[in-house]
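The chain contents come next:
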Amino acid sequence: MYLTGQVDKRTLDKYEREAKEKNRETWYLSWALDTNQEERDKDKTVEVGRASFETTRKRFTILDAPGHAGFVPNMISGAVQADIGILVISARRGEFETGFERKGQTREHAMLAKTAGVKHLVVLINRMDDPTVGWSE
């Protein structure tokens, strides 16, 4: 959102300071869409966040839908509005595997997105820097 001009440097700096005060240094970028205090306190998206930007040819709307099991109805309300989805998966040992188990969140969200009409799903692997992952360049 910063690169599109929708969030200015001053606002990002403010979010970064606030995140550091709460020992959440790495979460400040998510606060551009996680705007309510509950989301910031819990480090979880609760409501569907929305932001837009335009290029010379198209207008894009970003919907940040929750991934936590307790907020699946909110995730569905975001997914039904989407043409393309980005499914963010934790690479941490244990979290990654659990997500694909029979009732895992990763598996459930992929199926819900498909059912909601999302035709394309990009999978983004997060937390590659976690020690349990063992990844290096």
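This text gives an overview of the structure that appears in the document. (Residues numbered from 1 in each chain as written. Predicted model: local features only at pLDDT ≥ 70, side-chain atom pairs only at ≥ 80, totals over all residues. Heavy atoms only, no water.)

## As for the pairing of strand β2 (residues 59-64)
How we decide: Strand pairing is defined by DSSP finding a minimum of two bridges between the two strands. The numbering of helices and of strands both runs from the N terminus, where a helix is a DSSP run of H or I of at least 4 residues and a strand a run of E of at least 2.
Sheet analysis places strand β1 (residues 49-54) next to β2, joined by 6 bridges and oriented antiparallel. Note that in β2 the partner of Phe 53 across the bridge is Phe 60. Between β1 and the antiparallel strand that follows it, β2, lie 4 residues.

## A word on the packing of helix α3 (residues 72-79) against helix α5 (residues 105-115)
To keep it simple, the criterion reads: To obtain an axis, a line is fitted to C-alpha atoms, over the contacting stretch when the element is a helix, and the angle between two such axes runs from 0 to 180 degrees between their N-to-C directions. In this scheme the crossing of two helices becomes right-handed for a clockwise turn of the near helix relative to the far one and left-handed for an anticlockwise turn of less than a right angle. Note on definitions: a residue-residue contact is assigned when non-hydrogen atoms from the two residues lie within 4.5 Å. Classification used: nonpolar for Ala, Val, Leu, Ile, Met, Phe, Trp, Tyr, Cys and Pro, charged for Asp, Glu, Lys and Arg, polar for all others including Gly.
Contact geometry of α3 with α5 gives a least axis separation of 10 Å together with a crossing angle of 35 degrees. For α3 against α5, the interelement crossing comes out right-handed. Each of Val 72, Met 75 and Ile 76 in α3 lies in contact with α5, whose residues at this interface are Gln 105, Glu 108, His 109, Leu 112 and Ala 113. Residues belonging to the contact of α3 with α5 are distributed by class as follows: 5 nonpolar, 2 polar and 1 charged.

## Regarding a nonpolar patch on the surface
Going by this rule: Here the term patch refers to residues with relative accessible area over 30% and no salt bridge, with like charges joined within 9 Å and nonpolar side chains (Val, Leu, Ile, Met, Phe, Trp, Tyr) within 5 Å. For the area figures, the Shrake-Rupley method with a 1.4 Å probe applies, and any residue is considered shielded solely by the protein chains shown. When a carboxyl oxygen of Asp or Glu lies within 4 Å of a side-chain nitrogen of Lys or Arg, that pair is called a salt bridge. The cut-offs for exposure are 20% and 50% of the maximum accessible area for each residue type, with area from a 1.4 Å probe on protein chains only; residues under the lower value are buried, those over the upper are exposed, and the others partly exposed.
A cluster of nonpolar side chains, namely Ile 84, Ile 86, Val 88, Val 122 and Leu 124, defines an oily patch on the protein surface of about 460 Å² accessible area. Mapped by element, the contributors of at least two residues to the nonpolar patch are β3 (84-90) and β4 (120-126). Per-element tally for the nonpolar patch: the top contributor is β3, with 3 residues. Within the secondary structure, Val 88 sits in strand β3. Looking at Val 88, the relative accessible area reads 49%, which means it is partly exposed.

## Things to note about the pattern of salt bridges
Considering all chains together, one arrives at 6 salt bridges under this definition. For Lys 9, the salt bridge identified is with Asp 13, shortest N-O distance 3.0 Å. Linking Lys 9 with Asp 13, this pair stays in helix α1 (residues 9-21), spanning 4 residues, or about one helical turn. On the accessibility criterion, Lys 9 (47% relative accessible area) is partly exposed. Residue Asp 13 is classed as partly exposed on the basis of its relative accessible area of 26%. Salt-bridge contacts for Glu 18 lead to Lys 14; the nearest nitrogen and oxygen are separated by 3.9 Å. You can see Glu 18 and its partner Lys 14 sitting in helix α1, 4 residues apart, about one turn around the helix. With relative accessibility at 23%, the residue Glu 18 sits in the partly exposed group. Residues joined by salt bridges that share partners form a network here, namely Arg 92, Glu 95, Arg 127 and Asp 130.

Interpretation in functional terms is not warranted from these geometric data alone.
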